[in-house]
Protein chains: 2
Amino acid sequence: MARRAPLIDGLQFCRYRREIFAQMRRGKVDAAHVTIAYHENRIETLGNIAAWNRRFQDNADLLLHADSAAAIRRAMAGDKTAILFGFQNCSPLDDDLGMVQIFRGLGVCFMQLTYNNQSVLAAGCYEKHDAGVTRFGREVIREMNRVGMVVDMSHSAERSTLDAIEISRRPIAVTHANPEFFHRAPRNKSDTVLKELAQSGGVLGLSLYPHHLKSGSECSLESFCAMAERTVEIMGEKHVAIGSDLCQGHGDEVVAWMRDGKWRRKSGGEAEARWPPPLPWFAGNEDFGNIKAGLRRRGFTEAQAAAVMGGNWMNFLEHSLAPGG
Amino acid sequence: MARRAPLIDGLQFCRYRREIFAQMRRGKVDAAHVTIAYHENRIETLGNIAAWNRRFQDNADLLLHADSAAAIRRAMAGDKTAILFGFQNCSPLDDDLGMVQIFRGLGVCFMQLTYNNQSVLAAGCYEKHDAGVTRFGREVIREMNRVGMVVDMSHSAERSTLDAIEISRRPIAVTHANPEFFHRAPRNKSDTVLKELAQSGGVLGLSLYPHHLKSGSECSLESFCAMAERTVEIMGEKHVAIGSDLCQGHGDEVVAWMRDGKWRRKSGGEAEARWPPPLPWFAGNEDFGNIKAGLRRRGFTEAQAAAVMGGNWMNFLEHSLAPGG
């Protein structure tokens, strides 16, 4: 078994192809949670899993499909990147509680209860009002607990997020978002959420997506690391990790799909659906070393920096992905 | 064209077969809005429409499929019952705005934005909290307005209902519910909703389902007609009609399906999922005459009683089912 500290990305969604998998290996990414559905229904999601199965076959020297901490350790031992599947929305359930176990059986490890909008389970952060976790939402959280699928509230609204923390019998995650104290945006989280999440044993993955950062694409590594330090002060050093939200290689039609899905004809009064320019110090899977170096310069010990870069996700997944919560 | 006053039922969901269609004819039911989906998705709903197409073929002497006021008049002229399709939930959309026009093209005239639970469009009346119509809900209401599909808020929560009245450019309906002043139940409507609905040109269909009535299955015809009279005082005589919620011939597994759908394994702490005994004075489609007679005895004029028994629905549908709102 590998004993070195793992490097784990809590969320990314790239235009995956061999070139990116090779970058993952060069960047020593041991595991990444990748998004396999935004607005897709059950059938479309099965198609996305089938596409990933082909990628695993075609890139078996670089990747393996993981749905446990043990599988991540196998990847580390074999110099591969472990890929964990996740949904950014509950749309693949097609409103059927029974699909939670089925998708868990297909290796889906994370599910957001909502993307930006109201779902049948909870409210997204772009809704004007948030009534919290719904009747169906309670049932789904309990079922996710039972089968070992992580409740992810990254895009959810505040009350819904606090409800999910309370209802879930296992710690939950915010795989990719930043604290509101750093940059005020609907996607970022209040001090209350940070504290409740940490107290319940959950993990926050800090995001590198420019819209979640102060000064956007101009945000400096130093500024990001100062945010990480302050977040650790609030949440404790076991509860802060990275969820890069790296979206490499997509055309603008993909960000339009994320925002508009099938629910409206075109974006409303929001910013035009375009990808922001990437950060100069984090443009891809080869750049996680920059973040670790930045944290060390900020004063994080080697152990503290390693925890943020993957150790905390590893501990969390060790407990979260086993069935029977 | 038939000029007599039509008898129109604003909602029912029976175990439809020739025997019931014959009862409709004996009861002189000119038109009925029938439910073709509760929790069904797009594909399952198409199957339900196909089953109805077979019923129309097999019972062409008794029925016709209607999606306009003109078609209801054709049914009246030919001594047939006009069947109008409706959904009690938005599940057939499969979260896709584009399905509104497609289902309207297949003859679906009504859609509830929610059944009892939170949907992606609005909150149902059994949710603890109600955040109103959602972002997607606004888009769907506008699309329903455009294609001429009636927004039905029968099972929706209060704030969501008031939001829908405000957002919709065309009058909306509560096809089957009673006033809360008569019987306090999550499914019944407040005076505020009654007034706003009437002011906006909408219609309330009074329900004969025992759980919506004071004293349940023991409710007397006189008590029902007194409620109708008081409701007309609040809403005005153009805005009150009948939506019987007649659920004839189903086994208890059907009421369990309505309540639990695919979202939970079994009913929670609610009353056991069983059909209540029918009212002695309203057990089927032959019994609408009893209600009209009761209204006349209560003091409704012939014209007022005829308006409640169908004239008001006819006027509403005349304006609501045409495209281009």
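Below you will find a few notes about this structure. (Residues numbered from 1 in each chain as written. Chains lettered and ligands numbered in written order. Predicted model: local features only at pLDDT ≥ 70, side-chain atom pairs only at ≥ 80, totals over all residues. Heavy atoms only, no water.)

Considerations on the relation of the copies chain A and chain B
Mapping chain A onto chain B calls for a rotation angle of 180° and an axial translation of 0.0 Å; the resulting RMSD is 0.0 Å. Such a combination of turn and shift is consistent with a two-fold rotation axis. The share of interface residues of chain A whose copies in chain B are also at the interface is 100%, consistent with both copies meeting through the same surface. (Least-squares fit on C-alpha atoms with pLDDT ≥ 70 in both. Contact = heavy atoms within 4.5 Å.)

Structural notes on the interface of chain A and chain B
Across the boundary between the two partners, chain A contributes 24 residues, which contact 24 residues of chain B. Together chain A and chain B conceal approximately 2400 Å² of surface at their shared face, both sides included; 52% is due to carbon and sulfur atoms. Of all residues in chain A, A:Arg135, A:Lys262 and A:Trp263 bury the most surface against chain B, accounting for 31% of the area lost on that side. Applying the counting rule to chain A against chain B returns zero salt bridges. (Buried area = accessible area lost by both parts, 1.4 Å probe. Salt bridge = Lys/Arg side-chain N within 4 Å of Asp/Glu carboxyl O.)

Let's talk about the packing of aromatic side chains
Using the criterion set out here, one finds 26 aromatic pairs over all chains in the structure. Taken together, a centroid distance of 6.1 Å and an interplanar angle of 50° make the contact between A:Trp52 and A:Phe85 tilted. With A:Trp52 in helix H2 (residues 42-58) and A:Phe85 in strand S4 (residues 81-87), the pair connects residues that are 33 residues apart, well separated along the chain. Like A:Trp52, the residue A:Phe85 is buried in the burial classification. Measuring from centroid to centroid gives 4.9 Å for B:Phe13 and B:Tyr38, while their planes differ by 70°, and the two rings are edge-to-face. Remark: B:Tyr38 occurs in the loop between strand S2 (31-37) and helix H2 (42-58) and B:Phe13 occurs in the loop between strand S1 (8-12) and helix H1 (18-26); sequence separation between them is 25 residues. Like B:Phe13, the residue B:Tyr38 is buried in the burial classification. Three or more aromatic residues joined by ring pairs make a cluster, and in this case those are A:Tyr16, A:Phe21, A:Trp52, A:Phe56 and A:Phe85. Between the NZ or CZ atom of A:Arg230 and the centre of the ring of A:Phe181, over which it lies, the distance is 5.8 Å. (Phe/Tyr/Trp six-rings, centres within 6.5 Å; stacked < 30°, edge-to-face > 60°. Helix = DSSP H or I, 4+ residues; strand = E, 2+ residues; numbered from the N terminus. Buried < 20%, exposed > 50% of the residue type's maximum accessible area, 1.4 Å probe, protein only. Lys NZ or Arg CZ within 6 Å of the ring centre and 35° of its normal.)

Topic: the side chain of B:Asn188
Residues and elements named next belong to chain B. Turning to its location among the elements, Asn188 is positioned in the loop between strand S7 (173-174) and helix H7 (191-199). Here the side chain of Asn188 touches His183 through a polar contact of 2.9 Å, landing on its backbone oxygen. Not counting residues within four places of it along the chain, the set of residues in contact with Asn188 comprises Ala177, Asn178, Pro179, Glu180, His183 and His212. (Polar contact = N/O pair within 3.5 Å; in protein donor to acceptor, adjacent residues only side chain to side chain.)

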